[in-house]
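Here is how the chains run, residue by residue.
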Amino acid sequence: MNTKLHAVADANGRPLSFFMTAGQVSDYTGAAALLDDLPKAQWLLGDRGYDADWFRDALQAKGIQPCIPGRRSRNEPVRYDKRRYRRRSRIEIMFGRLKDWRRVATRYDRCPTASSPPSPSLPPSSSGCDQRVLTLTADIIALAKDYGRYGYRRIHVLLGQAGWQVSLSVVERIWRREGLKVPKRQPKRRRLWLGDGSCIRLRPEHRGHVWSYDFVEDQTHNGRKFRMLNIIDEFSRECLAMVPLRRFRSNDVIDVLTDLFIEHGPPEHIRSDNGPEFVANAVREWLGRLGVITLYIEPGSPWENGYIESFNARLRDELLNGEIFYSLEEVRIVTGWWRDHYNRARPHSSLGYRPPAPETIKMPAWPLGSATLRLPPTLASEAQIN
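This structure is a prediction, so every number in the text was calculated from the model and none was measured.

S.K.: Can you tell me about helix H2 (residues 53-61), naming the residues and giving the values?
M.R.: Where H2 is concerned, the buried positions are Phe55, Arg56 and Leu59. What you see down the axis of H2 is that its buried residues fit within an arc of 100°, all on one side. Positioned one or two residues after H2, Gly63 has a phi angle of 80°, which is positive.

Right, dumping it as structure tokens:
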């Protein structure tokens, strides 16, 4: 049986009273039922279904000014405050949330009932299931704002790190209900014809087996370009260095590699494209003396250096496209923060949504913004998103 729900809400869209009728009953029946329970108010906003002369007279008798557009069948148009009438969208939002809360609560059994024990998938709360769904939704939106290019799977992992025990399907449903980002379609790619230096021909087998490096180019606020040398360990996906300079020469590449070799030891192989800084005789001879085998991909085949290209895409998508830099020093500081976050906190899909180099101690706060999750009291002292 179809039903129709009539509701009265305050100026903020919070429901004050409800009345349910059969679906085929006109709106006038609901209006008559709600008329006696109307609170004191100056205005009442309603849609065309409540346009009746007797209803307008009854409202004015109670000291309430009606703001209801006239039916199309009226011979003479009815005047109403169109600017004030726009606020009626708040009750429509309330209806939409009411339907979504009910669907999430019933389909996924998140509301405890008298015949079943409380579900552990959402932390218990004294204010009931609706409040817990509201809190979870607010936390998902907060994380989506702070990490704007993360999909719902990474958000689900971050929620788990914060103490939420909620299934991926619930996070996905709330994600789509709130209209958040949907992953892009996989574009078509041509067949890979792989060279000897390809990441498919030689896959990393352990930490320090294969490193890869490449440049990313951007510009500061005054239009001056800078280049950033990124170096990663292909096995662990850890970003070893992000060094921005206005210009790079082969000696600059050697200086950066020297510091990394002292800290981590030289790798067995290092993969790169055919850029002049990488194929320079000085770089090749220096690496050869240290026993590091250079792997060069085929010209015009960036997919053969897929690990560093994927890292560069994440860097540009999650940081560079959303930042305006005013100096090279600001670039160093901000990219250093992002590198720490990438290595220690960012869930990596290829690693089972674990960070490449997680810390055993608590990280300092992410200075570019972090979601302050409102966790249940029992978990608030144990988990915190930074």
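S.K.: Can you lay out the sheet that holds strand S5 (residues 210-219) for me, pointing to particular residues and giving the numbers?
M.R.: Ordered by their spatial adjacency, five strands build an open sheet running S7-S6-S5-S8-S9, and the pairing between neighbours is mixed. Edge positions in the sheet fall to strand S7 (239-245) and strand S9 (293-296), since each has one partner strand and no second. Adjacent strand axes in the sheet meet at a mean angle of 20° when their direction is disregarded. Of the pairings in the sheet, the one linking strand S6 (residues 225-233) to S7 comprises six bridges and is antiparallel in character. Directly across from Ile232, in S7, lies its bridge partner Cys239. Packed onto the sheet, helix H11 (residues 306-318) meets S5, S6 and S7 and runs at close to 35° relative to S5.

S.K.: Please set out the pattern of salt bridges residue by residue, giving values where relevant.
M.R.: Going through the model one piece at a time under the given rule, you end up with nine salt bridges. A salt bridge links Glu318 to Arg346; the nearest nitrogen and oxygen atoms lie 2.8 Å apart. You can see Glu318 sitting in helix H11 and its partner Arg346 sitting in the loop between helix H12 (328-344) and helix H13 (377-380), a full 28 residues away along the chain. Among the residues examined, Glu318 registers a relative accessible area of 21% and is labelled partly exposed. Using a relative accessible area of 2% as the deciding quantity, one classes Arg346 as buried. Note that Asp340 is salt-bridged to Arg344, the shortest N-O span being 3.9 Å. With a gap of four residues between them, Asp340 and Arg344 both fall in helix H12, about one helical turn apart. The class for Asp340 is partly exposed, based on a relative accessible area of 26%.

S.K.: Account for the packing of aromatic side chains, with residues named and values stated.
M.R.: For the coordinates displayed, the defined rule picks out eleven aromatic pairs. On the numbers, 5.1 Å between centres and 10° between planes, the contact of Phe215 with Phe278 is stacked. On the criterion of sequence distance, the pair formed by Phe215 in strand S5 and Phe278 in helix H9 (residues 276-279) is long-range, its members being 63 residues apart. Assigned by exposure class, Phe215 and Phe278 land together as buried. Pairing Phe311 with Tyr342 gives two aromatic rings, centres 5.0 Å apart and planes at 85°, and the pair type is edge-to-face.

S.K.: Can you explain the pairing of strand S8 (residues 269-272)? Please cite residues and give values.
M.R.: Burial along S8 is two-sided: His269 and Arg271 and Ile270 and Ser272, pointing in opposite directions, are all buried. The pairing of S8 with S9 spans four bridges and is parallel. Bridge pairing in S9 places Ser272 opposite Tyr296.

So, how was this worked out
Every chain begins its residue count from 1, and numbering advances along the sequence as written. Only residues with pLDDT of at least 70 are given local features in this predicted model, and only at 80 or more are side-chain atom pairs given and counted; all residues enter the totals for whole chains, interfaces and linings. Heavy atoms throughout the structure, all of them, feed into the side-chain values; hydrogens and water do not. Burial here depends on accessible area, computed with a 1.4 Å probe over protein chains only, as a share of the maximum for the residue type. Under 20% is buried, over 50% is exposed, and the range in between is partly exposed. Helical segments are the DSSP runs of H or I of at least four residues, strand segments are the runs of E of at least two, and each set is numbered from the N terminus. This arc corresponds to the set of directions leading from the helix axis out to the C-beta atoms. DSSP-based pairing: two strands are paired if at least 2 bridges between them are found. Axes, fitted as lines to C-alpha atoms, cover a helix only where it is in contact. Angles between the N-to-C directions of the axes lie from 0 to 180 degrees. Here a residue-residue contact requires only that any non-hydrogen atoms of the pair lie within 4.5 Å. Here, a salt bridge means any side-chain nitrogen of Lys or Arg that lies within 4 Å of a carboxyl oxygen of Asp or Glu. Any two rings among Phe, Tyr and Trp, with Trp reduced to its six-membered ring, count as a pair given centres within 6.5 Å; such a pair is stacked if its planes are under 30 degrees apart, edge-to-face if over 60, and tilted if neither.

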